[in-house]
2 protein chains.
Amino acid sequence: MAVQTVASSTDISLGPAVALSCRECGERFPLGPVFACEACFGPLEIAYELPAGDPEGLRRRIEAGPNSIWRYAPLLPVPADVADKPNMNPGFTRLVKADNLARELGVTGGLYVKDDSGNPTHSFKDRVVAIAVEAARAFGFTTLSCSSTGNLAGAVGAAAARAGLRSCVFIPHDLEQGKVVMAAVYGGDLVGIEGTYDDVNRFCSELIGDPAGEGWGFVNVNLRPYYAEGSKTLAYEICEQLGWRLPDQLVIPIASGSQLTKIDKGLRELIALGLVEDRPYRIFGAQAEGCSPVSRAFKEGHDVVRPVRPDTIAKSLAIGNPADGPYVLDIARRTGGAVEDVNDEQVVEAIKLLARTEGVFAETAGGVTVGVTKKLIEQGVLDPSLTTVVLNTGDGLKTLDAVAPTTGPSAIIRPNLDSFREAGLA
Amino acid sequence: MAVQTVASSTDISLGPAVALSCRECGERFPLGPVFACEACFGPLEIAYELPAGDPEGLRRRIEAGPNSIWRYAPLLPVPADVADKPNMNPGFTRLVKADNLARELGVTGGLYVKDDSGNPTHSFKDRVVAIAVEAARAFGFTTLSCSSTGNLAGAVGAAAARAGLRSCVFIPHDLEQGKVVMAAVYGGDLVGIEGTYDDVNRFCSELIGDPAGEGWGFVNVNLRPYYAEGSKTLAYEICEQLGWRLPDQLVIPIASGSQLTKIDKGLRELIALGLVEDRPYRIFGAQAEGCSPVSRAFKEGHDVVRPVRPDTIAKSLAIGNPADGPYVLDIARRTGGAVEDVNDEQVVEAIKLLARTEGVFAETAGGVTVGVTKKLIEQGVLDPSLTTVVLNTGDGLKTLDAVAPTTGPSAIIRPNLDSFREAGLA
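This one's a predicted model, so the numbers in the text were calculated from it and none came from an experiment.

### Focus on the domain arrangement of chain A
Reports often express the size of an interface as the amount of accessible area lost when the parts come together.
All names here are of chain A.
Right, on to step 1. The domains assigned to chain A are domain 1 (95-122 + 230-406) and domain 2 (140-222).
Right, on to step 2. Counting residues at the interface gives five residues for domain 1 and seven residues for domain 2.
Right, on to step 3. Roughly 540 Å² of surface becomes buried between domain 1 and domain 2 when both sides are summed, with 48% attributable to carbon and sulfur atoms.
Right, on to step 4. When the area that domain 1 buries against domain 2 is broken down by residue, the three leading residues are Thr121, Lys315 and Lys398, summing to 74%.
Right, on to step 5. Where domain 1 meets domain 2, there are two residue pairs in polar contact (both at pLDDT 80 or more).

Shown next, in the form of structure tokens:
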């Protein structure tokens, strides 16, 4: 694996992060822009020395922090002064107590929607990119990059602009104009690649190993171990917003599976640090039927996830070969959860259900989690008497096409009272 | 003026709000769903008994409150327990320290962007609608309504859904599909009217006086005095986020002019309550050239605003006959500010400038304020050595068409390194 370590490891000051550790063999490596184990090629993740021993002090410190993910800086691979640097300050989004939705679904134990559409570029990607930016700064990278088909492109473009980094984002050349505009408006370089998303990914891997990519931080490749940690903040926020309490059940979308595994990691950290009481929680993964390799493996009792070719309107979840699939299966089984999927029609219904009950207009990924929650309750798998948190990771404005064909005016009338009365809406 | 007072005035408990007061003749009326003075037909606004005498205690109370506009409940026409009711919890959006933009514009005294795209439906309208919902509940209204061409429709639909109120929103029948979807997705009734926006407005006024509109709260008509107060929260948040300090200069967009007048009202309240030090501030109004009746009146030294027919891409500001225009002129002149306008090309440039410097993708209205800020600095009217706050009241995702024609990829390449090198982006 070709790697450019621009800054040497001894310069690196990323708060409580002390090393990279292989998730397969446990081998440790110094902090650097690497993502795979030299020994076994397993994925690397961050190892920490977390501030243990004084949970009350830590809780107070967090509560006195900024209204962003930086309140959790003591638990993240970022410098202590991160909040003072120009960044997007994502996170601390609303945890919506969804009583109307709970009534419709028959949930009596408390139902919450963690609504990440409130992030600066309106998806959870702002969290992970913000951490990647700090890693990029630490390693002396001057260009921030990624391959993307949507949310990530905007998050990288915006974060790089504000951080004063150059950005160069790669997308398939034939994306819809709206997505291209959202990715290009921040003024960084946007490169359309003649090929599929897989071609784009392959090209990015090539570029990392080439002099042309020197000084480049690919948030979801060579910065991935850092980037992925951003999802832990969802766990922290949910627990803090519940009054420093673990939810009983969480329903989390699965794309690569990284978010789900990091939320589990975050919850376990909170327990280990004594910030929440140690009690069981169940994690449920949600996929779209048209891209449900993890759900299929779960149902078939397999440990291995067989890749599929995605075909679903939930494009932000359409990863046919999810890197963290096996870890997701582990977590669902270990916690007594499950992985389930819903079809596109159910996704659209669920988007509308959430919108009309709670005023939250979710991206298709949010339709997947709400739809799966409904299905799991109907199946008796998810316990409606327990506190349940459902994630909405993106914004309906970005996937208007999903609901447009079935969402329109109740009536068209002439501008007078007779015409209004005829429409039967009075 | 026909009015249905569903609940009697003695039932009404809206916190510190004690009466309605005519902005022209000062006559007072009991709290109710009325908006024009019986004596002189002047517009009504809320009169308060605010919690004076203990600024330190009030400040602590606010700081301990929720991360939404409800932290300012003691200063708003809402019940004390408002935060416990199902509502959208808007506000407390980011105040972005815009150092990159400041450098480009030559501002040395501190430049901030108040970014209201972070609200639940991504515009400042969530603030005003949230207050209107409380008035609707207080008056026993069961249907929430408005005329709208965009942001307001979504804000009303979402807020009503969550509050458990019915909604019925009126729009011109020929809006773009995207806007229709955003308004309809929350499941309330959406009625397309065959006619212009003026026809829609006229129809709504008719409906208020008709039995068919009984029990209906039109947020921007019979609930307008309450609704308008929501904009005060922008003033409160800006000052609190600056460390309980008045900014020296504010640049605020003008549609009806209501927002600007209420921000001024909010600033004066903070001074009167001793929450901020009393020092001069200047308020600047921003319009699009294609709908600049207030700017024209300001420049010509008139007190009267002559209506125009709007023709601009800044559609959320396209009110040709702004009701609060004369008050805006007063405030700009009283505070030593100004009113200025920029053309559509400058609006687009300013949207891109803000996006590439700060990672904030603004609606056209945000392009207007940033563009006017730039112009006023170039003219020597806005003092770059003073602390300046520029408002972005909406989200670029809702006005993609404005930037789409001039925003695209830097290059289209084949998925290989040679093709990338040829593009000159390495």
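Read on for the rest.
### What about the interface of chain A and chain B?
Right, on to step 1. Each partner contributes to the interface: chain A provides 71 residues, whereas chain B provides 71 residues.
Right, on to step 2. Between chain A and chain B, the buried area comes to about 5,800 Å², and carbon and sulfur atoms account for 63% of it.
Right, on to step 3. Of all residues in chain A, A:Arg162, A:Val185 and A:Leu397 bury the most surface against chain B, accounting for 11% of the area lost on that side.
Right, on to step 4. Along the contact surface separating chain A from chain B lie four salt bridges.
Right, on to step 5. For the salt bridge of B:Asp210 with A:Arg421, the shortest nitrogen-to-oxygen distance reads 2.8 Å.
Right, on to step 6. At the surface where chain A touches chain B, the tally comes to 25 residue pairs in polar contact (both at pLDDT 80 or more).
Right, on to step 7. Broken down by element, the residue count for the side of chain A that touches chain B peaks at six residues, all from helix α5 (residues 177-184) of chain A.
Right, on to step 8. Of the pairings in the sheet, the one linking strand β14 (residues 411-413) of chain A to strand β8 (residues 189-193) of chain B comprises three bridges and is parallel in character. Across the sheet, residue A:Ile413 finds its bridge partner in β8(B), namely B:Ile193.

### Considerations on the nonpolar core
Looking at soluble globular proteins, one finds that nonpolar side chains tend to be buried together.
Right, on to step 1. One finds A:Leu144 and B:Leu144 to be the most contacted residues of the largest nonpolar core, which totals 270 residues.
Right, on to step 2. Sequence-distant contacts of B:Leu144, defined by excluding residues within four places in its chain, comprise B:Val129, B:Val133, B:Ala136, B:Val156, B:Ala160, B:Leu165, B:Arg166, B:Ser167, B:Cys168, B:Gly217, B:Val219 and B:Leu223.

### Comments concerning the sheet that holds strand β2 (residues 28-29) of chain A
Residue and element names in this part refer to chain A.
Right, on to step 1. Here we have three strands laid out as an open sheet, ordered β2-β1-β3, and antiparallel in their pairing. Of all the strands in the sheet, the pair left with one neighbour each is β2 and β3 (44-48).
Right, on to step 2. Where strand β1 (residues 17-22) lies against β2, two bridges are found, and the strand directions are antiparallel. Counterpart to serine 21 in the pairing with β2 is arginine 28.

### Topic: the UniProt feature "domain: Tryptophan synthase beta chain-like PALP" (unreviewed entry) in chain A
Right, on to step 1. Under the present numbering, the feature "domain: Tryptophan synthase beta chain-like PALP" (unreviewed entry) in UniProt falls on residues 90-394 of chain A.
Right, on to step 2. Spanning residues 90-394 of chain A, this segment combines 44% helix with 16% strand, and its end C-alpha atoms are found 13 Å apart.

### Quick notes on the relation of the copies chain A and chain B
Right, on to step 1. When chain A is fitted to chain B, the residual RMSD is 0.0 Å, and the transformation amounts to a turn of 180° plus an axial shift of 0.0 Å. Here the transformation between the copies is reduced to the relation of a two-fold axis. In terms of C-alpha distance to the rotation axis, chain A has A:Gly118 as its closest residue, with the C-alpha 2.8 Å off the axis.
Right, on to step 2. Take the interface residues of chain A: 100% of them recur as interface residues in chain B, which is what a same-surface contact looks like.

Rules used in this analysis
Residues numbered from 1 in each chain as written. Chains lettered and ligands numbered in written order. Predicted model: local features only at pLDDT ≥ 70, side-chain atom pairs only at ≥ 80, totals over all residues. Heavy atoms only, no water. Domains from an automatic or database assignment. Contact = heavy atoms within 4.5 Å. Buried area = accessible area lost by both parts, 1.4 Å probe. Polar contact = N/O pair within 3.5 Å; in protein donor to acceptor, adjacent residues only side chain to side chain. Salt bridge = Lys/Arg side-chain N within 4 Å of Asp/Glu carboxyl O. Helix = DSSP H or I, 4+ residues; strand = E, 2+ residues; numbered from the N terminus. Pairing = 2+ DSSP bridges. Core = buried A, V, L, I, M, F, W, Y, C linked by side-chain atoms within 4.5 Å. Buried < 20%, exposed > 50% of the residue type's maximum accessible area, 1.4 Å probe, protein only. UniProt positions renumbered as here; feature names shortened; annotations may be inferred. Least-squares fit on C-alpha atoms with pLDDT ≥ 70 in both.

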